[in-house]
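Structural features, examined
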Amino acid sequence: MIFKNLGLRDATIMYFTALAALMIILVASYQSPVHITEVSLTQSKTYSSVPPLPMPFRVPLDPRGELQLAWNVSYKDQEVYMRLRIKELRHGVVLGFSGRGELTNADLVVLWDSGIKSYFGDAWSDSNGRVSLDNQQDYELIQATQKSDGFYLLFKRSFSTCDPRDFLIEEGTVHIIYGFIEQPLTSLEKLNLSRIQTGLQRVLMLRPDTPPPKLPSNLQTMDVVSPDVIIPTQETTYWCHIKKLPENMQKNHIVMYEPVITPGNEAIVHHIEVFECNPDINIPDYSGDCEDKMKPGNINYCRHVLAAWAMGAEPFYYPPDAGLPMGGPGSSRFLRLEVHYHNPLLLTGRRDSSGIRLHYTSSLRPYDAGIMELGLVYTPLMAIPPKQQAFYLSGYCSSKCTQTALPQGGIYIFASQLHTHLAGRELRTVLVRGTKEIMVVQEDKHFSTHYQAIRNLQNMAHVLPGDVLITKCTFNTEDRSKPTMGGFGIMDEMCVNYVHYYPRTQLELCKSHVDPGHLQKYFSFINRYYGNDQCVCGEPSVSDQYSQLHWDAFSSTVLDSLYNTAPYSMHCNQSSARLFPGQWDKEYVPVVTSTLEAPRYPCEGGSRAKTTVPIPV
C-alpha cells in the first residue's frame, strides 16, 4: 500500500491533492475551447458542401425589414436550412428560439466581430440574458455571401440536437427572437440581450410536405382588400372593411386564397382574416377601426371564418375534391375583412391596400367544404382560476353528436385554425374512436393569440359517426388576481378549433360546457368549506359566484377535478344555430384508455408529446 510508511495527515493531504488535480483535469476538459467558425465579411465564401437549395418560406423579422429569414425543411434528414439576410451589417446579429419569445434561456446563433475578426457560433442566454457559447455547436455554417442588397448567412440545424440548451423545432408556432449588435465584442460572454436592440417574430417553421394541387383553368379572382388605408400611428390596429359581393352571384367554389400585401408594408401587416356575414342580416358599408365604438353594430354578425393568413404563411389550397361555397341561394352578400397592423416603431404616412385574394371557379367540385367549431362554448360556466401556471380546459364533440349529425361515410378534416385569447398557451385536438386516441388532428405547444392562421394538416383526419373529438387548451393566469371567465372579450377566454372539412354537413358547432347543476354544487361545497355559506340575497350570476370564491390551491384543484369528471352539456348545433333533435344535457366525459405517443428522436430516452408532422420514410 503506497500510504504504508506515511502518517495519517500526510496520506490525507496526498489523497485530497490527487483528487483536486483530477477535478482540475476534468473541469479543464469540460471547459476546453469551443470550436467556432471564423467568417469573412468581405468576400463570398462556402464553408460546407451543400447543393443549392430553394428557400420557399420567408418572413421579415423586424418592422423596418432590415432582417429577413428564409428557410427550407428536409424531413428526410430532419433538418432546417435557414438563410438570414442582413440589409446593413454593423457588428453582428443574433437569431434565436425560445418557448414564448423570451430573451432569457434562449437557443441562439450569433454572428459577431471582435474589431479584428468576425465569428459565427452556437450560443445560449441564461436567466439574466447573458450570452455564452454552447459547448455543443449545432448550427452549421454553409455559406456567407455579400450581395448588393445585403449580407447573407446560410446555415442549418437539426430539428432535435440532443442538447438540452437547444430548442426543439416541431410542428406549430415557433417564436423567433433577433437582435442587432452595435459594438465590437472582444468576447461573446460580454453580450447581454437586455442591453441591445431586440425583437420577436412568430412563424410556422415546419409545413406539410405535400405539393399544391392543380388549379382549374377557368379560375377567377376577387380581391378583398383595405381601401387605401393610412395605417394609424399606434402599435396595434385592427382595421375592418365590409366587402359586398356582386348581386345575384351564382354559386362558386373557392379553391385557393393568398395574401395581397402592399409593397413596403410586409413587416407591418401582421395577419388578415375574412369573415362571411349572417345571410339574414343586411350589413352597412364600413371601413375603420374594428374597436371604434361608433362602428355599426351589425358587423358583429360577420363571424364565420372564410380565410385567414398570418405573416410568413403560404397560399392556402383546398383539396382537389372540395371547395368552399361562395355565392348562390342562401348565402350572404357581405364579407368582413379584418387586417391587423403591427406598427411598434409608430411609422407615419404609410398607406395600405393589403388583404386576401380569393381564387374561385364556377366549375363546382364534387364536395362543398365546411367549417365547424370544436371546443368550449363561449360561456362564463367555464372559468380559469387566478395565479395558475398551467390550467387545463377540455371541450368535447361527443359520440352522440357525431352519430346524429355526420353522414355514414364520415367527414375529412384537412385544415384547422386554433384559437384562444391572451391566456392561452397550448392547444391540442385529438380524434378518439371507441376509447382510443387514433390521431392528433392539430397541436401547438407554443401557441400565441397573436399568430393565428389556418393550417393544412399533414394527413387528413377521417371522422366517422360515433367518433369523439376532444380539444384541450392550456392557460396561464399567473399575472391575474381574479378568475378569467369564458366569453367574447379579449380578457375573457376561449378554447376553439375551427376545423375545415368536407363534405359539408349541417353540423356547424360541436362544443360543450360543464353541467350547470354540478357547477352549483361546486360553489356550494367551496363556500361551506371556507365558512362562506351565508344566504345571498337574489340570484348572483355565475361570474359573480366565481369572483366571490376564495381562490387557493384547494379550490383550484377541486374545480379542475369537476371539469374532468362532471357531466357536460353538448351544443350540437345546426347551421341555423338550432340544436339537432335529441337530449344534449348531462353527457358523460368520454373514457380514453389509450393515448398516442410521439415517435422519439434518436437521442431521447423518455416519452415526448406528439409532433404531428411525420417524417416520410
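Residues numbered from 1 in each chain as written. Predicted model: local features only at pLDDT ≥ 70, side-chain atom pairs only at ≥ 80, totals over all residues. Heavy atoms only, no water.

Another aspect to go through is the overall build of the protein. For the protein, the helix and strand inventory stands at 5 helices and 38 strands. The C-alpha atoms of the protein give 28 Å as radius of gyration, which agrees with the globular expectation for 617 residues (25 Å, within 12%). Taken along the three principal axes of its C-alpha coordinates, the protein extends 95 × 70 × 50 Å. Across the 617 residues in the protein, those meeting the buried criterion constitute 50%. (Helix = DSSP H or I, 4+ residues; strand = E, 2+ residues; numbered from the N terminus. Rg over C-alpha atoms; globule rule 2.2 N^0.38 Å. Buried < 20%, exposed > 50% of the residue type's maximum accessible area, 1.4 Å probe, protein only.)

Summarising burial for strand E12 (residues 173-180): 8 of the 8 residues are buried, a large majority. Two elements, E12 and strand E13 (residues 197-204), share 8 bridges in a ladder whose sense is antiparallel. Counterpart to His175 in the pairing with E13 is Arg202. (Pairing = 2+ DSSP bridges.)

Within a sheet, adjacent strands bond to each other through the backbone by hydrogen bonds, running parallel or antiparallel. In space, the 6 strands of this open sheet follow the order E2-E10-E11-E5-E4-E3, with antiparallel pairing throughout. Single-partner strands in this sheet number two, and they are strand E2 (45-46) and strand E3 (57-60). With 2 bridges connecting them, E2 and strand E10 (residues 140-147) associate as antiparallel partners. Bridging across to E10, Thr46 finds its partner in Gln143.

Looking along the chain, the bond that leaves Tyr502 and enters Pro503 is cis, with omega of -10°. The residue Pro503 is located in the loop between strand E36 (496-502) and strand E37 (507-514) in this model. One non-glycine residue, Gln78, lies in positive phi territory at about 55°. Its location among the elements puts Gln78 in the loop between strand E4 (67-74) and strand E5 (79-86). Backbone geometry at Leu346 places phi at a positive 55°, although glycine is not the residue there.

Another aspect to go through is the pairing of strand E27 (residues 370-376). Along any regular strand the residues' side chains alternate between the sheet's two faces. Within E27, 7 of the 7 residues are buried, leaving the element largely enclosed by the surrounding structure. Both E27 and E36 contribute to a ladder of 6 bridges, which runs antiparallel. When the bridges of E36 are listed, Ile371 appears paired with His500. When E27 meets E37, the two strands line up parallel, connected through 4 bridges. Within E37, the residue paired with Leu374 across the bridge is Cys510.

Time to look at helix H3 (residues 516-529). For H3, built from 14 residues, the straight-helix expectation of 20 Å at 1.5 Å per residue is met to within 8% by its first-to-last C-alpha distance of 20 Å. All of the buried residues along H3 are Leu519, Tyr522, Phe523 and Ile526. For H3, the arc enclosing every buried residue in end-on projection is 95°, short of the 170-degree limit, so these residues lie on one face. Lining the buried residues of H3 we find E37, helix H4 (542-548) and helix H5 (553-565). Downstream of H3 by one or two residues, Gly531 has phi in the positive range, about 70°. (Expected span 1.5 Å × (residues − 1). Arc of directions from axis to C-beta. Contact = heavy atoms within 4.5 Å.)

Judged by nonpolar contacts, the single largest core of 82 residues is most densely connected at Leu69, Trp71 and Met205. Among all residues touching Leu69, those that are not within four sequence positions of it are Phe57, Arg58, Val59, Leu61, Met82, Arg83, Leu84, Leu95, Ile176 and Met205. (Core = buried A, V, L, I, M, F, W, Y, C linked by side-chain atoms within 4.5 Å.)

To continue, consider the packing of H3 against H5. Relative orientation of the contacting elements H3 and H5 amounts to 160°, with a least axis distance of 11 Å. Accordingly, the angle class assigned to the pair H3 and H5 is roughly antiparallel. Once H3 is placed against H5, the crossing between them reads as right-handed. Only Phe554, Ser555, Val558, Leu559 and Leu562 of H5 make contact with H3, whose side of the interface consists of His518, Leu519, Tyr522, Phe525, Ile526 and Tyr529. Residue classes in the contact of H3 with H5 are distributed as 9 nonpolar, 2 polar and no charged. (Axes fitted to C-alpha atoms, helices over the stretch in contact; angles between N-to-C directions. Parallel < 35°, antiparallel > 145°, perpendicular 65-115°, else oblique. Left-handed = near helix turned anticlockwise from the far one by under 90°. Nonpolar A, V, L, I, M, F, W, Y, C, P; charged D, E, K, R; others polar.)

This part is about the side chain of Ser354. Its location among the elements puts Ser354 in the loop between strand E24 (351-352) and strand E25 (355-361). In contact with Ser354, other than residues within four places in its own chain, are Val225, Ser226, Val260, Ile261, Thr262, Val269, Leu337 and Val339.

Turning to the sheet that holds strand E34 (residues 468-475), a few remarks are in order. Taken in spatial order, the 4 strands of this open sheet run E29-E34-E31-E32, and their pairing is antiparallel. Unpaired on one side and paired on the other, strand E29 (391-397) and strand E32 (436-444) mark the two borders of the sheet. Across this sheet, the average inter-strand angle for adjacent strands is 20°, counted without regard to direction.

So, on to the state of the cysteines. Across all of its chains, the model carries 5 disulfides by this definition. A disulfide bridge connects Cys240 with Cys290, and the sulfur atoms are separated by 2.0 Å. Note on the Cys240 and Cys290 pair: the S-S dihedral is about 110°, so by sign convention the disulfide is right-handed. You can see Cys240 sitting in strand E16 (residues 236-244) and its partner Cys290 sitting in the loop between strand E19 (287-289) and strand E20 (304-310), a full 50 residues away along the chain. No difference in accessibility class separates Cys240 from Cys290, as the two residues are buried. (Disulfide = S-S within 2.5 Å.)

Inspection of the entire model under this criterion finds 24 aromatic pairs. Counting every residue linked through ring pairs, the aromatic cluster contains Tyr257, Phe316, Tyr318, Tyr367, Tyr412, Phe414 and Tyr502. In this arrangement the basic side chain of Arg165 is found over the ring face of Trp124, its NZ or CZ atom lying 3.6 Å from the centre. Note that Lys472 overlies the ring of Tyr392, its terminal NZ or CZ placed 4.7 Å from the centroid. (Phe/Tyr/Trp six-rings, centres within 6.5 Å; stacked < 30°, edge-to-face > 60°. Lys NZ or Arg CZ within 6 Å of the ring centre and 35° of its normal.)

All right, on to a nonpolar patch on the surface then. Residues Leu422, Ile490 and Met491 make up a contiguous nonpolar surface patch of about 270 Å² in total accessible area. Looking at Ile490, the relative accessible area reads 49%, which means it is partly exposed. (Patch = residues over 30% accessible without salt bridge, like charges linked within 9 Å, V, L, I, M, F, W, Y side chains within 5 Å. Areas by Shrake-Rupley, 256 points an atom, 1.4 Å probe, with all protein chains shown as cover. Salt bridge = Lys/Arg side-chain N within 4 Å of Asp/Glu carboxyl O.)

Turning our eyes to something else, we now look at the confidence of the model for the protein. Put simply, the protein has an average pLDDT of 87, and 90% of its residues get 70 or more. Of all secondary-structure elements in the protein, the lowest mean pLDDT belongs to helix H1 (residues 8-30), at 47, while E34 reaches the highest, 98. For residues 1-6, every residue scores under 50 in pLDDT, and the model assigns this stretch 4 contacts once sequence neighbours within four places are set aside. (pLDDT = per-residue confidence, 0-100.)

On inspection of all chains with the given rule, the structure shows 21 salt bridges. Ionic pairing is found between Asp77 and Lys76, a salt bridge with its closest N-O pair at 3.8 Å. Residue class for Asp77 comes out partly exposed when judged on its relative accessible area of 40%. Asp515 serves as the salt-bridge partner of Lys586, at 3.5 Å between the closest nitrogen and oxygen. Of the two residues, Lys586 is situated in the segment after strand E38 (568-574) and Asp515 in the loop between E37 and H3; the sequence distance between them amounts to 71 residues. Taken together, the salt bridges that share partners define one network made up of Glu66, Arg90 and Glu182.

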